[in-house]
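Chains, contacts and geometry: an overview
Below, each chain spelled out in residue letters.
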Amino acid sequence: MIEPLEALQRLRAGNARFVAGTPHPSPRSRLQALGPQHPFAAVLGCADSRCPVEAIFDQGFGELFVVRVAGNVAGAAQIGSLEFAVEALGVRLILVLGHQNCGAVQAALQRPDGLPAALDGIIDAIEPAIGDLLPVAGTEPFEAILERAVSANARHAAEALRSSSALIKREVERGQVAIASAVYAFDTGIVTFLDQRGA
């Protein structure tokens with residue numbers, strides 16, 4: 001079990017390798033991951049097919065516990081999965097990872113007609129994060145508003161993990177778990193870390 005700051009440094013270093021195109025020479029293989037799992041971090045990411053979390057952080061089998069859902073929202077199923085990672089697997093860092101041009105965040109900003117009704121819950125979960133941006137959505141370039149909204153949504157999901165889970169909140173307050181948020185850029189491959197709270 002590694003400390004939260006070391007886990008964060010591993011993610012930073014892995015992303016640097018990914019951006020540079022110099023992957024780890026011996027990533028953990030499928031066979032090395034047989035037996036009990038011991039991931040060093042958990043990531044709540046978006047379901048977007050262009051955001052393969054393990055690749056973005058240059059990690060092998062069994063190194064990350066990944067939960068993915070459109071808009072990287074922290075709903076009941078996602079929180080329960082991350083509670084399992086903390087309680088049963090000993091994970092000490094949770095990262096919420098948003099991404100550039102997130103379609104779910106864009107939908108929450110624009111509320112276009114014709115969206116599947118099943119997406120309403122996801123959009124409803126995003127709207128509190130971007131409420132301050134809605135009044136200015138028509139006064140600034142939309143790309144800039146969307147970029148700010150993606151960051152705000154990642155921070156909001158991280159805060160939801162702290163406030164909606166008694167287990168995670170307890171471990172953060174005890175200094176055993178840290179929660180961070182970040183945004184992945186498609187065009188550069190760079191993950192920008194936004195904040196970190198906890199240990």
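Treat the numbers as computed from the prediction; the structure is a model and nothing was measured.

Definitions and limits used
- Residues numbered from 1 in each chain as written.
- Predicted model: local features only at pLDDT ≥ 70, side-chain atom pairs only at ≥ 80, totals over all residues.
- Heavy atoms only, no water.
- Helix = DSSP H or I, 4+ residues; strand = E, 2+ residues; numbered from the N terminus.
- Buried < 20%, exposed > 50% of the residue type's maximum accessible area, 1.4 Å probe, protein only.
- Contact = heavy atoms within 4.5 Å.
- Axes fitted to C-alpha atoms, helices over the stretch in contact; angles between N-to-C directions.
- Parallel < 35°, antiparallel > 145°, perpendicular 65-115°, else oblique.
- Nonpolar A, V, L, I, M, F, W, Y, C, P; charged D, E, K, R; others polar.
- Core = buried A, V, L, I, M, F, W, Y, C linked by side-chain atoms within 4.5 Å.
- Phe/Tyr/Trp six-rings, centres within 6.5 Å; stacked < 30°, edge-to-face > 60°.
- Lys NZ or Arg CZ within 6 Å of the ring centre and 35° of its normal.

1. Re the environment of Arg-10
Tracing the sequence through the fold places Arg-10 in helix α1 (residues 4–20). With relative accessibility at 35%, the residue Arg-10 sits in the partly exposed group. With 48 residues separating them in the primary sequence, Arg-10 and Asp-58 have C-alpha atoms 9.5 Å apart. Excluding anything up to four places from it in sequence, Arg-10 contacts Ile-2, Phe-40 and Gln-59.

2. Notes on the packing of helix α4 (residues 103–110) against helix α5 (residues 120–130)
Think of two packed helices as two axes; the pair is described by the angle between the axes and how far apart they sit. One way to put it is that α4 packs onto α5 with a least axis distance of 9 Å and a crossing angle of 75°. Judged by the inter-axis angle, α4 sits roughly perpendicular to α5. Facing α4, whose interface residues are Ala-104, Val-105, Ala-107, Ala-108 and Leu-109, α5 presents Ile-122, Ile-123, Ile-126, Glu-127 and Ile-130. Class assignment of the residues belonging to the contact of α4 with α5 gives a composition of nine nonpolar, no polar and one charged.

3. Thoughts on the nonpolar core
Proteins that are soluble and globular tend to have nonpolar side chains buried together. Leu-82, Ile-94, Ile-126, Leu-161 and Ile-168 are the most contacted members of the largest nonpolar core, which has 43 residues in total. Top element by residues in this core is helix α6 (residues 142–164). It accounts for nine residues. Discounting chain neighbours no more than four positions away, the residues touching Ile-168 are Leu-82, Glu-83, Val-86, Ile-94, Leu-161 and Ile-179. If you look at the next biggest cluster of nonpolar residues, it comprises 21 residues, including Ala-7, Leu-93, Ala-180 and Val-191.

4. Points about the packing of aromatic side chains
Enumeration according to the criterion identifies three aromatic pairs in this entry. Ring geometry for Tyr-184 and Phe-186: centres 5.7 Å apart, planes at 85°, overall edge-to-face. When its relative accessible area of 22% is taken as the criterion, Phe-186 is described as partly exposed. A network of ring pairs unites the aromatic residues Phe-18, Tyr-184 and Phe-186 as a single cluster. Note that Arg-10 overlies the ring of Phe-40, its terminal NZ or CZ placed 4.9 Å from the centroid. Its guanidinium or amino end placed over the ring of Phe-193, Arg-12 lies 4.4 Å from that ring's centre, counting from NZ or CZ.

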